[in-house]
Amino acid sequence: MTDRKAQLAANLAQVEERIASACAAAGRKREEVTLIVVTKTYPASDVRILRQLGVRHVAENRDQDAAPKATACADLSLTWHFVGQLQTNKVRSVTSYADVVQSVDRAKLVTALSAAAVRGERELGCLIQVALDAESGERGERGGVAPDGVEELAAAIDSAPGLRLDGLMTVAPLAGEYAGRQRAAFDRLMEISSRLRAGHPAANMVSAGMSGDLEDAVAAGATHVRVGTAVLGVRPRLG
Ligand SMILES: *Cc1c(COP(=O)(O)O)cnc(C)c1O
């Protein structure tokens, strides 16, 4: 094994242990939680190693980085998640490799994603990104729609050709009433998810939790955790 492979294997084992313990503590089955490794700022060679180590889901947040990486890894059977703020001029590119866009937060983006998916003859999974710190009717600073905008967006995705409404995503807020209260934030997301699922039963994905707070997310009921640093190491700069 190369040094890098050994390092990633050790890190993955630790994260796996954390997820398994969190599931056990919450009385949940391990299979209820899917690990998505966030590979942003790390090279395609790492993605390749991760796949050899059994990782099936990877996430990226910048199209400029993600597009060449996805191309370099096109031979691997991986599900690619896009988790960054998305400008409409990048939608065509993102749609060419992403299987799921987790950062859908406005109607204009739904229209653009739908057009690109239809044109590319793809079905694209969509998660609505919820900004738990956004004011009513607004978007959050790091993207995301305010909780009271979720249903309208869900209806738009539901009726958009080429798109599939899969559920919700959030990033624990740094400001507002949920700052520093990850568990409360993820509980709130679960409430919003329950309401959403009442009208859209198939939209049952809940993507929450990162390296620092995955236990809180698993305890609250998340189905997907997005882990970067704990698997790949500390990124050289914020990415
Ligand atoms: C970078 C990123 C993550 C992973 O964060 P870590 O703290 O490195 O685990 C998860 N979700 C999103 C949206 C990200 O941008």
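Let us look at the structure shown here. This structure is a prediction, so every number in the text was calculated from the model and none was measured.

## Here's the deal with the overall build of the protein chain
Then, number 1: Scanning the protein chain from terminus to terminus reveals nine helices and eight strands.
Then, number 2: On C-alpha atoms alone, the protein chain measures out to a radius of gyration of 17 Å, which is about the 18 Å that the 2.2 N^0.38 rule sets for 239 residues.
Then, number 3: Principal-axis analysis of the C-alpha atoms gives the protein chain an extent of 50 × 40 × 30 Å.
Then, number 4: Put simply, the protein chain has 239 residues, and 51% of those count as buried.
Then, number 5: If you average the places of the 29 positive and of the 29 negative side-chain charges in the protein chain, the two averages end up 5 Å apart.

## Description of the pattern of salt bridges
Oppositely charged side chains can form a pair if their charged atoms are brought close together.
Then, number 1: Evaluation of the coordinates by the stated rule reveals 13 salt bridges.
Then, number 2: A salt bridge links E32 to R28, with the shortest nitrogen-to-oxygen separation between them at 3.1 Å.
Then, number 3: Residue classification places E32 among the partly exposed positions, given a relative accessible area of 35%.

## Section: helix α1 (residues 3-26)
Then, number 1: With 24 residues, α1 should cover 34 Å at 1.5 Å per step; its first-to-last C-alpha distance of 35 Å lies within 8% of that length.
Then, number 2: Among all positions of α1, only L8, N11, L12, V15, I19, A22 and C23 are buried.
Then, number 3: Structurally, α1 contributes buried residues whose contacts are with β1 (34-38), α2 (44-52), α8 (214-220), β8 (224-227) and α9 (229-232).

## Thoughts on the side chain of S193
Then, number 1: Within the secondary structure, S193 is located in helix α7 (residues 182-199).
Then, number 2: Relative accessible area serves as the criterion here: at 0%, S193 is assigned to the buried category.
Then, number 3: Apart from the residues within four sequence positions on either side, S193 is in contact with L168 and V206.

## Regarding the site of the ligand
Then, number 1: The local shell around the ligand consists of V38, K40, V83, M210, S211, R226, V227, G228, T229 and R235.
Then, number 2: Take G228: an N or O atom from its main chain is 2.8 Å from an oxygen atom of the ligand.
Then, number 3: In the model, an oxygen atom of the ligand is placed 2.5 Å from a nitrogen or oxygen of the T229 side chain.
Then, number 4: Burial of the ligand by the surrounding chains reaches 88%, relative to a free accessible area of 390 Å².
Then, number 5: Along the lines of polarity and charge, the residues of the shell around the ligand split into four nonpolar, three polar and three charged.

So, how was this worked out
- Residues numbered from 1 in each chain as written.
- Predicted model: local features only at pLDDT ≥ 70, side-chain atom pairs only at ≥ 80, totals over all residues.
- Heavy atoms only, no water.
- Helix = DSSP H or I, 4+ residues; strand = E, 2+ residues; numbered from the N terminus.
- Rg over C-alpha atoms; globule rule 2.2 N^0.38 Å.
- Buried < 20%, exposed > 50% of the residue type's maximum accessible area, 1.4 Å probe, protein only.
- Lys, Arg positive; Asp, Glu negative; His and termini not counted.
- Charge placed at Lys NZ, Arg CZ, Asp CG, Glu CD.
- Salt bridge = Lys/Arg side-chain N within 4 Å of Asp/Glu carboxyl O.
- Expected span 1.5 Å × (residues − 1).
- Contact = heavy atoms within 4.5 Å.
- Near = heavy atom within 4 Å.
- Polar contact = N/O pair within 3.5 Å; in protein donor to acceptor, adjacent residues only side chain to side chain.
- Areas by Shrake-Rupley, 256 points an atom, 1.4 Å probe, with all protein chains shown as cover.
- Nonpolar A, V, L, I, M, F, W, Y, C, P; charged D, E, K, R; others polar.

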